[in-house]
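Descriptive analysis of the structure
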Amino acid sequence: MDVNQAVVRILEETGRVSHVFGSTGQVNASMLLSLRESKKIKTVIVRNEQAASFMACGYTMFNPDNLGVCFATGGPGAFNLFSGMAVAYSDSLPVLAITGYASAPVRGKGCLNESSGLSRTPDSHKMFSATTKKSYIVEDASQICDIMEDAINTAFDGRPGPVHIHIPKNITTATVPNFRSIKLDIKPVLPKPAAAREFASRLLSAKERGENLLLLVGYGCIRAGAKDELMRLIDGMKIPFVTTMDAKGYLDETHPLSLGVYGTTGDPIAMDYFEKAAVVLAVGNSFAENATLLFKADLYDNKTLMHINIDPKEIHKVYPADFSMVSDAKSALSAILNQIDALGGMKAGNAPALATDKKKWIDMPNQGSAKKIHPADVARAISAVAPENAIIMGDAGSHMLWLSEYMKLGKNQRYQNPGSFGPMASHTNGCMGVKCANPDKVVISGSGDGCYLMAGFELLTAVQNNIPVVWVIFDNGEFNVIKKFLLNMFNDHAYMSFMNPDYVAYAKSCGAEGFRVEKTEDLEPVLKKAIALNKPVLVDVAIDGDVFANMNKSM
């Protein structure tokens, strides 16, 4: 067995990898022969390695036990993976990147694609070390099992994240003299019992005193699979809840205690109740810019902040917490619920009074008069036609804000927008990884035309590999959210417009299906047809660029 075969065998044996995403080059081409022989792993070859890194992120985004895997040749191919590694690092996604590397005997001599850092070549090991939890170089075939074991365990350990392995060209086909199956030792981050008692006691005392309690749900709850524990707490104590933008839809937004999204584009009822809240329980939340009104300094003044996060570095990072707990969200909530039972159980009482004049954006009239299709109506239509368990992916831009504001999700539907690193095209491509991990669910990409133009050739990848995603393109021919930023700052803008192709013709030239929508009343019928086709589909929607998403604080 050579190193390539050992890598594939180990990935198979984890039971966490059904798809890998990548491209080839001189340094790693031999790995494709081993992947071809696999009966358990499907290999998806992309048009650009950056897309492979985004797909690997999508593969584990809603499937926490999955390991996202991407691969590339050394040098330029490897460098194209950095955006996805940064997404995985920022968003806590377990991803393994495998790239080629110069063979030891020729390092420093200027071989093709060299990135050893010698003789004025870039140093990819330093670069990957800066964008992952750990980067490795395999210098001898006998190391491969130990390195794969350490890398995969590191990816899942504590706060998950990406890892990277360099495999030099001469090592890829070297014989492994000591192959063994690796051991995964992945332990949850558990709360300290004293912290769980403190949290339980404070929550109960808040309820007894009639203080307004608010639960702020972050993406860490999705990673931990904490839905049941969240709902036990919400229903048992009648606690209103809001989510960050990247946890939207994790809890049913039709629930009577759901106040929608809190933050820069948050729902009016969420913003109103937050002001009244005396105690905020933030779970799996890192207080990102959009969730804090641009890091508003006094946001938690005169409130009791109770913060749960798997990463101790997130505690007190933005706001000092009155009560803090380092723990996986599911384990933390389970421990708190057990302590509440031990202290006499929940006394729910009545749900707090909510303002009758404050609503969610979806329940309010569209803001602004649109000459073309209003972007809010595109989001409403997606929400209306998305079936049970559907996953909707927003990319970076104004369309992400419209989707967050004007979709109402229930029926175990999911939504995800790019996190704090937030590269354009990340979810336009990442949605294919999501679909590979969730073949039984409808996956819809809400993509700005700017994002799609950065990523669109991967439509060929979807067609070739039969990955049926529906891409809904918010087509306004401009970088709309940056245009709004410039208008707010200078009452002027520049270089915001660009040309779009005929997306319908492009889709058909790739072997996909394409539709153009220019009337609001056609949105739902076309989207229903696109979903029913169960193949890659582009839906190009002509939206107005002179209406802007609602902002609770100017950008």
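Heads up: these notes are all about the structure in this document. Owing to the predicted nature of the structure, the values given are computational and were not obtained by experimental measurement.

Calculation criteria
Residues numbered from 1 in each chain as written. Predicted model: local features only at pLDDT ≥ 70, side-chain atom pairs only at ≥ 80, totals over all residues. Heavy atoms only, no water. Helix = DSSP H or I, 4+ residues; strand = E, 2+ residues; numbered from the N terminus. Rg over C-alpha atoms; globule rule 2.2 N^0.38 Å. Buried < 20%, exposed > 50% of the residue type's maximum accessible area, 1.4 Å probe, protein only. Areas by Shrake-Rupley, 256 points an atom, 1.4 Å probe, with all protein chains shown as cover. Lys, Arg positive; Asp, Glu negative; His and termini not counted. Charge placed at Lys NZ, Arg CZ, Asp CG, Glu CD. Axes fitted to C-alpha atoms, helices over the stretch in contact; angles between N-to-C directions. Parallel < 35°, antiparallel > 145°, perpendicular 65-115°, else oblique. Left-handed = near helix turned anticlockwise from the far one by under 90°. Contact = heavy atoms within 4.5 Å. Nonpolar A, V, L, I, M, F, W, Y, C, P; charged D, E, K, R; others polar. Core = buried A, V, L, I, M, F, W, Y, C linked by side-chain atoms within 4.5 Å.

Moving on: the overall build of the protein chain. For the protein chain, the helix and strand inventory stands at 21 helices and 18 strands. Its C-alpha atoms give the protein chain a radius of gyration of 24 Å, near enough to 24 Å, the size a compact globule of 555 residues would have. Across the 555 residues of the protein chain, 60% fall into the buried class. Of the roughly 21,500 Å² of accessible surface on the protein chain, a fraction of 51% belongs to carbon and sulfur atoms. Mean positive and mean negative side-chain charge positions of the protein chain (55 and 57 charges, respectively) differ by 2 Å.

What follows is about the packing of helix H14 (residues 375–385) against helix H21 (residues 523–533). The geometry of H14 relative to H21 is characterised by a closest axis approach of 9 Å and an angle of 45° between their N-to-C directions. Viewed along their axes, H14 and H21 adopt a mutual orientation that is oblique. Classified by chirality, the crossing of H21 by H14 is right-handed. Along its contact with H14, which presents Asp 377, Val 378, Ala 381, Ile 382, Ala 384 and Val 385, the element H21 presents Leu 523, Glu 524, Leu 527, Lys 528 and Ile 531. The class makeup of the residues in the contact of H14 with H21 is eight nonpolar, no polar and three charged.

All right, on to the nonpolar core then. Here is a general trend for soluble globular proteins: nonpolar side chains tend to be buried in one another's company. The biggest cluster of nonpolar side chains holds 84 residues, and the ones touching the most others in it are Leu 215, Leu 230, Leu 233, Leu 281, Leu 459, Trp 471 and Leu 538. Per-element accounting of this core gives the leading share, eight residues, to helix H3 (residues 49–61). Those residues in contact with Trp 471 that sit more than four places away from it in its chain are Thr 428, Cys 431, Met 432, Ser 445, Tyr 452, Leu 459, Ala 462, Pro 536, Val 537, Leu 538 and Val 539.

This is a description of form; function is not addressed.
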